[in-house]
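Now for the letters of each chain:
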Number of protein chains: 2
Amino acid sequence: MIDVGINGYGTIGKRVADAVTAQPDMQVVGVAKTSPNHEAKAAVKREYPLFVSSDDRVEAFDAAGIPTAGIVDELIDTSDVIVDATPSGIGAKYAEDYLEAGTPAIFQGGEAADVAEVSFTACANYDDAQGRASARVVSCNTTGLVRLIEQLDEPFGVDRVRATLVRRGGDPSQTGRGPINDILPNPVSLPSHHGPDVKTILPDLDIVTVGLKVPATLMHVHALSIDLNSEATPAEIRDRLDASDRLFLVSDEMGIDGAGKLKDFALDAGRPRGDLWENCIWAESIAVEDGELYLFQAIHQESDVVPENIDAIRALVGEVDAETSQAMTNEALGLGL
Amino acid sequence: MIDVGINGYGTIGKRVADAVTAQPDMQVVGVAKTSPNHEAKAAVKREYPLFVSSDDRVEAFDAAGIPTAGIVDELIDTSDVIVDATPSGIGAKYAEDYLEAGTPAIFQGGEAADVAEVSFTACANYDDAQGRASARVVSCNTTGLVRLIEQLDEPFGVDRVRATLVRRGGDPSQTGRGPINDILPNPVSLPSHHGPDVKTILPDLDIVTVGLKVPATLMHVHALSIDLNSEATPAEIRDRLDASDRLFLVSDEMGIDGAGKLKDFALDAGRPRGDLWENCIWAESIAVEDGELYLFQAIHQESDVVPENIDAIRALVGEVDAETSQAMTNEALGLGL
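Residues numbered from 1 in each chain as written. Chains lettered and ligands numbered in written order. Predicted model: local features only at pLDDT ≥ 70, side-chain atom pairs only at ≥ 80, totals over all residues. Heavy atoms only, no water.

## Comments concerning the packing of aromatic side chains
- Under the criterion given, the structure shown has ten aromatic pairs over all chains.
- With centroids separated by 5.9 Å and ring planes inclined at 10°, the aromatic side chains of Y94 of chain A and Y98 of chain A adopt a geometry described as stacked. In this pair, Y94 of chain A and Y98 of chain A both sit in helix 5 (residues 90-101), four residues apart, roughly one turn of the helix. When sorted by exposure, Y94 of chain A lands in the same class as Y98 of chain A, which is buried.
- Centroid distance Y98 of chain B to F107 of chain B: 5.7 Å. Interplanar angle 50°. Geometry classified as tilted.
- Counting every residue linked through ring pairs, the aromatic cluster contains Y94, Y98 and F107 of chain A. (Phe/Tyr/Trp six-rings, centres within 6.5 Å; stacked < 30°, edge-to-face > 60°. Helix = DSSP H or I, 4+ residues; strand = E, 2+ residues; numbered from the N terminus. Buried < 20%, exposed > 50% of the residue type's maximum accessible area, 1.4 Å probe, protein only.)

Below you can see the structure in the form of C-alpha cells.
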C-alpha cells in the first residue's frame, strides 16, 4: 500500500482523499489543514487523521473541539508521497520541506510550472513522471485541453488549437468572488496563460487560448477550434472521443443544455459531490469544416484533476505503467458515464 | 425633412425614435405599439403620436387612458419611411403592407435576410442600399463584427475571422430569460448563424462564429481571432480602431474590466439610457502573434444598431452619401467617447 499524505483539505484535497481511499493500492495516512472550519469537521467525520499546519494553530483546533493527530511536518515524514492541495502559491513554500524530508510531492496547477520536476496529465506524459521527486498536475482547464487534444492527435493529427475558455467566476462555495451580471475578459491581455500551460505538457503544440469570467459557479465551458491534419468526419471524431473514459460525450437525446443539467445528471448517477471527472463534450457541437474541428466542452473545475492526482501518485511512487494506472483509477472511481 | 414612422416601440424602436428626433433632417411622425404598457406611456410623455397595431386593440389603450393617433396602416401611409422595430418574425408579416403602401421600410436583424432587398451596415454597404425599397439592419452582434472587420480590412487586409460570442442571456428588462448560474453553448450545433449573417454584408469573408449564453444582461462580449494579410503592430491597429467614431477603444488606464463599468461610464457621460452605440474594444487585449490578431470587444445589444438605423433611413430615402450620413448621425447623437 502507498501511504498518501494530503496537505490542504479544501476543494481538491478532500476529493483526492476520498479518491485515494477508493483505490486498492493506496491509503490516506493523514490530511493537513490550517483552520478548524467545516471541512476540518468533515475530515474527522470521515476518520482521516487530521494534522495541523503548525504548532501555534493546534490551540484553535482544540478550542473548536476538533481532535488532531500532529503537525504537518510529521505527516510529511510518515507519508510515501504528499499530495499538496494547499491554496495557489502556498505549495511553492512547502516544496523545500518535501524535498528535505525526501518525500515525493504532487502539486496542483495553481503553482508555477517550476515548482516540480515535471507537469503532468496522465494520458500524455505519465512515463515522464515515473520515479520523479515531484510532479505538478496541471489546472482543471489545462487538464481538459490536454485530454481532448491527446485523444484527437493520435488518429487525426492536431495542427493547431484555438480555445476560448468561458470560465466560472468562482466555485459554489467561493461567495466572495464575482462577477455578478457581467462578462469579464480575463485576463484582458491576450493570449491567456492557459496555452503556455498546455505547452508544459505538449511543448510543440500550436495553441492559443483566451479567457473570460462570467457569473456562473458550476463548470467552465470551452469553445474550441482545432485544425486537424487529416480528414475526419464528425462521426469518426465522436466515436474516438466516446472511447475514452475520461471524456464524456453528451448525446443530443439527453437534453443537456449546460452545466446545471450535467451536475443534476452526476448527482442522480450517485457521483460523490456530483463530481464530473470527465471532460463533458457536446456531441451535437462536433462539426468539421475544411479540416477545422469545432466543439464545446464543459470542465468541472472542482474534480477533473482528481483522477490525474491518483495517477500522479502511482507515477511517482507506484509500480504500474500508465495504462494500468489509468484503468485502475477509472475502475475504482467509476469513470465512464 | 424625412417623415419617419416607427412600427414597434420597444427596446430598439424607442431608441431609434429619440435618435431620429436628434437629427437635423428627419422627424418622427408617429410610433406604433400593440399593448398599452409602460413604453406606450413613455411614448406619450415624449409626445410621439401613438398608433395602435390594429382597430381591435384601440379599446385597450383607451381603457389605460393612453391617447392614440390612429392605427398603424395610417402611419405607414403617411410616413416617408418606416422603421420596423417589431419583435423578431413580426416584421416579415408587415413586409407586404409596407410594399403595398409604397413606403420604404427598414427591418431589424431578428428578421431573415430575405425580408429586405439588402442587409445593411453603414460602414460597409451604404451605397448598395441607396434608393432601395427595403433594407435590413443586421443584428447587434453582426453589426459589431462588420464594423470591426471593415475598419481593419482596408489598411491591413482581413483573411479569416474566428469569433466566440459570449452573449448576454437577455436584456435587463427581459425577466423571463435565463440562464441563471450557467454557461450554455447556444446554439449548440456549430458554427453559429452569426457568421453567415456577416456574409450577408461581406459575402467573400472567411468567418466562423460560435456562441454561448451566460447569466449577464448588460452587453455581449466577443473574443476574436483575425488573420491579417499584412504585418501590423498592436500600436498600428489601436490607432486605426481609435480613428473610427463607431469604435470605442477602452484604454488601460480607465480601469474598465467589463460591461458594468462601461455602462457606468456611459451613464456618467450623460448618454441617454446609458447607451453605448460604439463597439467597445479593450486596447490592452489587442495582440498580434504571427499575423494573427486577438482582441476582446463588448457590444451593447440594445443600442449599437441605432446609428445604423439612422443611416439606413438616409440610404433609402435621403440625399446624402455614406460618409456624410455617418458624420451627421455621429455628430447629432454625440458618438465618440
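Okay, back to it.
## Some details on the relation of the copies chain B and chain A
- Mapping chain B onto chain A calls for a rotation angle of 180° and an axial translation of 0.0 Å; the resulting RMSD is 0.0 Å. What we have between these two chains is a two-fold relation. Nearest to the rotation axis, the C-alpha of P215 of chain B is located 2.9 Å from it, this being the minimum over chain B.
- Looking at chain B, 100% of its interface residues are interface residues in chain A too, so the copies touch through the same face. (Least-squares fit on C-alpha atoms with pLDDT ≥ 70 in both. Contact = heavy atoms within 4.5 Å.)

## Notes on the domain arrangement of chain A
Residue and element names in this part refer to chain A.
- Assigned domains within chain A: domain 1 (2-138 + 305-333) and domain 2 (141-299).
- Measuring from the centre of the C-alpha atoms in domain 1 to the corresponding centre in domain 2 gives 26 Å.
- Across the contact, 24 residues belong to domain 1 and 15 residues belong to domain 2.
- Summed over both sides, the interface between domain 1 and domain 2 buries roughly 1,600 Å², with carbon and sulfur atoms accounting for 51% of that surface.
- Our count for the contact surface shared by domain 1 and domain 2 stands at six salt bridges.
- With a shortest N-O distance of 2.7 Å, R147 and E308 are connected by a salt bridge.
- Applying the counting rule to domain 1 against domain 2 returns eight residue pairs in polar contact (both at pLDDT 80 or more).
- Of all the secondary structure elements, the ones that give two or more residues to the side of domain 1 that touches domain 2 are helix 1 (11-22), strand 7 (118-120), helix 6 (122-129), helix 11 (306-317) and helix 12 (322-333).
- Grouping the constituent residues of the side of domain 1 that touches domain 2 by class yields ten nonpolar, seven polar and seven charged. (Domains from an automatic or database assignment. Buried area = accessible area lost by both parts, 1.4 Å probe. Salt bridge = Lys/Arg side-chain N within 4 Å of Asp/Glu carboxyl O. Polar contact = N/O pair within 3.5 Å; in protein donor to acceptor, adjacent residues only side chain to side chain. Nonpolar A, V, L, I, M, F, W, Y, C, P; charged D, E, K, R; others polar.)

## Concerning the pairing of strand 14 (residues 279-282) of chain B
All names here are of chain B.
- Side chains N279 and I281 project from strand 14 onto one buried face, and the interleaved C280 and W282 project onto a second face that is buried too.
- In this structure, strand 13 (residues 247-250) lies alongside strand 14, joined through four bridges in parallel fashion. Looking at strand 14, one finds that L247 is bridged to N279.
- Inspection of the sheet shows strand 14 paired to strand 16 (residues 292-299) by two bridges, in the antiparallel sense. Bridging across to strand 16, C280 finds its partner in A298. (Pairing = 2+ DSSP bridges.)

## Structural notes on the interface of chain B and chain A
- Each partner contributes residues to the interface: chain B has 43 residues there, and chain A has 43 residues.
- Interface of chain B and chain A: buried area, both sides summed, is about 3,400 Å²; carbon and sulfur atoms make up 64% of it.
- If you sort the residues of chain B by the area they bury against chain A, I183, L190 and F296 of chain B come out on top, with a joint share of 18%.
- The interface formed by chain B and chain A contains four salt bridges.
- The shortest N-O distance in the salt bridge between R162 of chain A and E292 of chain B comes to 2.7 Å.
- Put simply, chain B and chain A have eleven residue pairs in polar contact (both at pLDDT 80 or more) between them.
- Counting only elements with at least two residues in the side of chain B that touches chain A, the list comes to strand 9 (158-168), strand 10 (184-185), strand 11 (207-214), strand 12 (220-228), helix 10 (259-268), strand 15 (287-289) and strand 16 of chain B.
- Here the side of chain B that touches chain A takes six residues from strand 9 of chain B, the largest share from any one element.
- A breakdown of the residues in the side of chain B that touches chain A according to their chemical character gives 24 nonpolar, nine polar and ten charged.

## Considering a negative patch on the surface
All names here are of chain A.
- A cluster of acidic side chains, namely D55, D56, D73, E74, D77, E96, D97 and E100, defines a negative patch on the protein surface.
- Counting only elements with at least two residues in the negative patch, the list comes to helix 4 (72-78) and helix 5.
- Structurally, the position occupied by E74 is in helix 4.
- Classification of E74 by relative accessible area gives partly exposed; the value is 41%. (Patch = residues over 30% accessible without salt bridge, like charges linked within 9 Å, V, L, I, M, F, W, Y side chains within 5 Å. Areas by Shrake-Rupley, 256 points an atom, 1.4 Å probe, with all protein chains shown as cover. Lys, Arg positive; Asp, Glu negative; His and termini not counted. Charge placed at Lys NZ, Arg CZ, Asp CG, Glu CD.)

## Examining helix 1 (residues 11-22) of chain B
All names here are of chain B.
- Helix length check: helix 1 (twelve residues) gives 17 Å between terminal C-alpha atoms against 16 Å at 1.5 Å per residue, within 8%.
- Counting buried residues along helix 1, nine of its twelve residues qualify, which places the element largely inside the surrounding structure.
- Turning to helix 1, its buried residues are I12, G13, K14, R15, V16, A17, D18, A19 and V20. (Expected span 1.5 Å × (residues − 1).)

## Remarks on the side chain of E278 of chain A
Residue and element names in this part refer to chain A.
- Locating E278 in the fold gives a position in the loop between helix 10 (259-268) and strand 14 (279-282).
- A relative accessible area of 0% means that E278 is categorised as buried.
- Of note is the side chain of E278, whose polar atom sits 3.0 Å from the backbone nitrogen of G336.
- In this structure E278 touches R147, D245, R246, L247, F248, R271, A298, L335, G336 and L337, once residues within four positions along its chain are discounted.

## Details of the sheet that holds strand 6 (residues 105-107) of chain A
Residues and elements named next belong to chain A.
- Ordered by their spatial adjacency, eight strands build an open sheet running 4-3-2-1-5-6-8-7, and the pairing between neighbours is parallel. Of all the strands in the sheet, the pair left with one neighbour each is strand 4 (70-71) and strand 7.
- The sheet strands contacting helix 1 are strand 1 (2-7), strand 2 (26-33) and strand 5 (81-84), and the helix crosses strand 2 at an angle near 160°. (Axes fitted to C-alpha atoms, helices over the stretch in contact; angles between N-to-C directions.)

## What to know about the side chain of Q297 of chain B
Residues and elements named next belong to chain B.
- Mapped onto the elements, Q297 comes out in strand 16.
- Relative accessible area serves as the criterion here: at 0%, Q297 is assigned to the buried category.
- At 2.9 Å, the side chain of Q297 and the side chain of N279 are in polar contact.
- Excluding anything up to four places from it in sequence, Q297 contacts G144, L145, L148, H220, V221, H222, L224, N279, C280, I281 and W282.

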